[in-house]
Amino acid sequence: MDLLGAGSVYYEIMYDLPKNSDISLEEIRMDSSKPDQILEKLQNACPLLYHGIGGSSANTIYALSRLGYRVGYLGVVGNDKYSKETLSFFKDVDSRLVRRYGESGISIRVFDEKETLHLKFPNSNNYLSFIEDDLSIINSSNYIYLGPIEAGNPVNSYKQLLNFIDDSIYIFYAPGIECASLGLQKLGDLISKARIVFVTKTELELLTSSDLSDGCKAMIDEGARVVVCINDSDATIVSKHSNYTLPFKKTVLKDNTDFLDAYIAGFLSAYVEGSDLNICANAGATVAALTSTSYGRKSYPDSKFLKNILP
């Protein structure tokens, strides 16, 4: 296995809210119904844009599998009607460490002309864990990507996992918005072991209570080898001996909800091939630009694309 990913998995549904709809984003936002009831209302009022796999970490691993890498996944899906379709996207992913428990995580996105509404129901994702029998699979990988998760028990599972990972395995880490709000002190164990930490500018500020420059330095001082900070129009890559910013590629933007996930996949695909950080950043930006040209996962590139962008 080239790389093992870990994190949350969602069944994601995207809808387009028509101009003349009888319901508004605010009504949907304030709706206290269960996911199935909300989905029933949306199905009757909105055109469907996408349904399938979602979740930041799952998106990244799916993208890496499309790029031709042998990848596996550690996560939890439900014992319900949504899990089968969600896992169908993992047909090229080693899913022996994907457990089934309770109700699947549900992610609902509704687009209108001005904004996107995102409703998230973590459900089974709150039970992310591993057992001793999993360690042989976990340690068979060359790299481990610890992606965004829900705060609470999953964070503790990540921290425990670090105690059992072989020293030769490179760790990549993306805390995500929820865990970033816990702060640097509570995530220090994870950041100190990370070869690369991926954050957005908002996550960086939450994590370190500092601006871009000081925040990246704080994580490098904590032990991270490289920090990649994603801004609105560019990415800043910081290591102990370098600091540079590269702009993103212009594209026909339809859906940027998984922009960061695709960027990480492109960046890591070049990194595991031994490319320098500049080439990694370019690969990340190229993959992210492509995936933003359609809704959901329709535009994720394949292994032929990777050969064309790497030297």
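Before any of the text, the structure's been laid out above.
Residues numbered from 1 in each chain as written. Predicted model: local features only at pLDDT ≥ 70, side-chain atom pairs only at ≥ 80, totals over all residues. Heavy atoms only, no water.

Counting residues in hydrophobic clusters, the biggest one holds 53 residues, and the most contacted among them are Tyr-263 and Phe-267. When residues in this core are grouped by element, the largest group, 10 residues, is from helix α11 (residues 259–271). Discounting chain neighbours no more than four positions away, the residues touching Tyr-263 are Val-228, Ile-230, Ala-235, Ile-237, Phe-248, Ala-281, Gly-284, Ala-285 and Ala-288. Leu-4, Tyr-158, Val-199 and Cys-229 belong to the second largest nonpolar core, which has 39 residues in total. (Core = buried A, V, L, I, M, F, W, Y, C linked by side-chain atoms within 4.5 Å. Buried < 20%, exposed > 50% of the residue type's maximum accessible area, 1.4 Å probe, protein only. Helix = DSSP H or I, 4+ residues; strand = E, 2+ residues; numbered from the N terminus. Contact = heavy atoms within 4.5 Å.)

Turning our eyes to something else, we now look at helix α6 (residues 153–162). Within the sequence span of α6, burial applies to Pro-154, Val-155, Ser-157, Tyr-158, Leu-161 and Leu-162. Projected down its long axis, α6 shows its buried positions confined to an angular sector of 160°, all on one face. (Arc of directions from axis to C-beta.)

On to the pattern of salt bridges. A full pass over the atoms with the stated rule returns 8 salt bridges. Here Asp-2 makes a salt bridge to Arg-70, at a shortest N to O gap of 3.3 Å. Separated by 68 residues along the polypeptide, Asp-2 in the segment before β1 (3–6) and Arg-70 in the loop between α3 (56–66) and β4 (71–77) bring together distant segments of the chain. In this structure, the salt-bridge partner of Asp-94 is Arg-96, at a minimum N-O distance of 2.6 Å. Here the salt bridges do not stand alone but share partners, grouping Glu-26, Arg-29 and Glu-115 into one network. (Salt bridge = Lys/Arg side-chain N within 4 Å of Asp/Glu carboxyl O.)

Quick look at the sheet that holds β4 now. Taken together, 9 strands build an open sheet; the order of strands is β5-β4-β1-β8-β9-β10-β11-β12-β13 and the sheet is mixed. Of all strands in the sheet, those with a lone pairing partner are β5 (93–100) and β13 (243–247), marking the two edges. Geometrically, the sheet is characterised by an average inter-axis angle of 15° between neighbouring strands, direction not taken into account. With 4 bridges joining them, β1 and β4 adopt parallel strand pairing. Bridge pairing in β4 places Leu-3 opposite Val-71. Strands in contact with helix α9 (residues 201–208) are β10 (196–200) and β11 (226–230); relative to β10, the strand with the most contacts, it is inclined by about 105°. Helix α12 (residues 277–291) contacts β11, β12 (234–239) and β13 of the sheet and is inclined by roughly 25° relative to β13. (Pairing = 2+ DSSP bridges. Axes fitted to C-alpha atoms, helices over the stretch in contact; angles between N-to-C directions.)

Below, the discussion takes up the packing of α6 against helix α8 (residues 184–192). Axis angle and axis distance: for two packed helices, these are the angle between their axes and the distance between the axes, and together they describe the pair. Running from N to C, α6 and α8 cross one another at 40°; their axes reach a closest spacing of 9 Å. The two elements α6 and α8 meet at a crossing, and its hand is left-handed. On α8, the residues touching Val-155, Tyr-158, Lys-159 and Leu-162 of α6 are Lys-186, Leu-187, Asp-189 and Leu-190. Partitioning the contact of α6 with α8 into residue classes produces 5 nonpolar, no polar and 3 charged. (Left-handed = near helix turned anticlockwise from the far one by under 90°. Nonpolar A, V, L, I, M, F, W, Y, C, P; charged D, E, K, R; others polar.)

A few words now on the sheet that holds strand β2 (residues 10–16). In a beta sheet, neighbouring strands are held together by backbone hydrogen bonds and run either parallel or antiparallel to one another. Across the sheet, 4 strands lie side by side as β3-β2-β6-β7; this open sheet has mixed pairing. Each edge of the open sheet carries a strand with a single partner, namely β3 (48–54) and β7 (116–121). When the angles between neighbouring strand axes are averaged without regard to direction, this sheet yields 15°.

Attention now goes to the packing of α8 against helix α10 (residues 212–222). At a closest axis distance of 9 Å, the pairing of α8 and α10 adopts a crossing angle of 60°. It follows that α8 is oblique to α10 by the angle criterion. Of the two elements, α8 crosses α10, and the hand of that crossing is right-handed. Note on element contacts: α10 touches α8 through Ala-218, Met-219 and Glu-222, opposite Leu-184, Gly-188, Ile-191 and Ser-192. Looking at the contact of α8 with α10 residue by residue, the classes come out as 4 nonpolar, 2 polar and 1 charged. (Parallel < 35°, antiparallel > 145°, perpendicular 65-115°, else oblique.)

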